[in-house]
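Here are the chains, one letter per residue:
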Amino acid sequence: MTTPAPRESPIETLAAHRLPASFFHRDVLTVARELVGCALVHRRRAGMIVETEAYHGPEDLASHARFGPTARTSVMFGPGGVSYVYLCYGIHQMFNIVTGGHGEGQAVLIRAVAPLVGLGDDPAVGRGPGKVTTALALDRRHDRRDLARGALFVAAHAAPPAIATGPRIGVAYAGEWAARPWRFWWRDHPA
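Given the structure is predicted, the values throughout are model-derived calculations rather than measurements.

Undergrad: Kindly report on the overall build of the protein, identifying the contributing residues and their values.
TA: Broken down by element type, the protein carries 4 helices and 9 strands. Written out in order from the N terminus, the α and β elements of the protein read α-α-α-β-β-β-β-β-β-α-β-β-β. Relative to the 2.2 N^0.38 estimate, which gives 16 Å for 191 residues, the radius of gyration of the protein is 16 Å and therefore close to what a compact globule would have. Viewed in the frame of its principal axes, the protein has a C-alpha envelope of about 70 × 35 × 30 Å. In the protein, 63% of the contacts between residues at least 6 apart in sequence involve partners at least 24 apart. For the protein, the separation between the mean place of its 21 positive charges and that of its 16 negative charges on side chains is 5 Å.

Undergrad: Which residues make up the environment of Arg127, and what are the values?
TA: Inspection of the secondary structure puts Arg127 in strand E6 (residues 126-127). Here the alpha-carbon distance between Arg127 and Asn96, two residues 31 residues apart in the chain, equals 15 Å. Not counting chain neighbours up to four residues away, the residues in contact with Arg127 comprise Arg111, Ala112, Val113, Pro190 and Ala191.

Undergrad: For the nonpolar core, give the residues involved together with the corresponding values.
TA: Ranked by size, the top nonpolar core spans 52 residues in total, and within it Phe24, Leu35, Leu40, Phe95, Ile97, Ile110 and Val154 carry the most contacts. At 7 residues, strand E5 (residues 106-117) tops the list of elements feeding residues into this core. Contact partners of Leu35, with chain neighbours within four places excluded, come to Phe23, Phe24, Ile49, Thr52, Ile97, Val108, Ile110 and Val154.

Undergrad: Before we move on, can you summarise the layout of surface pockets with the specific residues and values?
TA: The computed volume of the largest pocket comes to approximately 480 Å³. The leading source of residues in the lining of the largest pocket is strand E3 (residues 83-88), at 4 residues. Classifying every residue of the lining of the largest pocket by side-chain character gives 15 nonpolar, 6 polar and 4 charged.

Undergrad: Quick rundown of the pairing of strand E9 (residues 183-186)? Include the residues and the values.
TA: Within a regular beta strand, the side chains point alternately toward one face of the sheet and then the other, so they alternate between its two faces. The pairing of strand E2 (residues 45-55) with E9 spans 3 bridges and is antiparallel. Bridging across to E9, Glu51 finds its partner in Trp185. As paired elements, strand E8 (residues 163-166) and E9 share 4 bridges and run antiparallel to each other. Directly across from Ile163, in E9, lies its bridge partner Trp186.

Undergrad: Would you mind going over the side chain of His42 in detail, with residue names and values included?
TA: In this fold, His42 is placed in strand E1 (residues 39-42). Its relative accessible area of 8% is what places His42 among the buried residues. Within polar-contact distance, the side chain of His42 engages the backbone oxygen of Leu136 at 2.7 Å. When near neighbours in sequence (up to four residues on either side) are disregarded, His42 contacts Leu136, Ala137, Leu138, His142, Ala151 and Leu152.

Cut-offs used in this document
Residues numbered from 1 in each chain as written. Predicted model: local features only at pLDDT ≥ 70, side-chain atom pairs only at ≥ 80, totals over all residues. Heavy atoms only, no water. Helix = DSSP H or I, 4+ residues; strand = E, 2+ residues; numbered from the N terminus. Rg over C-alpha atoms; globule rule 2.2 N^0.38 Å. Contact = heavy atoms within 4.5 Å. Lys, Arg positive; Asp, Glu negative; His and termini not counted. Charge placed at Lys NZ, Arg CZ, Asp CG, Glu CD. Core = buried A, V, L, I, M, F, W, Y, C linked by side-chain atoms within 4.5 Å. Buried < 20%, exposed > 50% of the residue type's maximum accessible area, 1.4 Å probe, protein only. 1 Å grid on protein atoms, 1.4 Å probe; cavity = no way out; pocket = protein on both sides within 12 Å on 5 of 7 lines; lining within 4 Å. Points joined across faces, edges and corners; volume = space filled by probe spheres on them. Nonpolar A, V, L, I, M, F, W, Y, C, P; charged D, E, K, R; others polar. Pairing = 2+ DSSP bridges. Polar contact = N/O pair within 3.5 Å; in protein donor to acceptor, adjacent residues only side chain to side chain.

The structure is reproduced here in structure tokens:
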């Protein structure tokens, strides 16, 4: 009689599909679109990314990079594949992924995730950037993490049937930059 082989956990399965650093070393618009359908994994929790926003660098008046490197934003000017987590309105932790090459100041805000592992079944659990970090137990301690190694990573997961685009949310102060269609989402996804 043979003993069945141990089954991989869902997190181990996702870890086998971890995205390499080179995935993030590309233009922010490309990465923001291609992150839709990927899994954002933190320890024993995972959510499928269903909405993102791209921030294009110092010339983008909606981006934190518009003021150049500061103590908080210097991470945006490093190489892609690193987390950028900041506090918004003194309440919400916001999780971003730096993209592009050294000095470019690009990042993708993760706006929404659908539950995959350890988040229950409610599609609203990660609906909104403040809920993403709450659901995945992320905060400013996870700022500047290398996503190519460790318990916080992004993995290939699913291909959305259709991706919608539209203006970014909450950046009206940026004038014409606010209207650019740099928000990407899985069309008609309940999360």
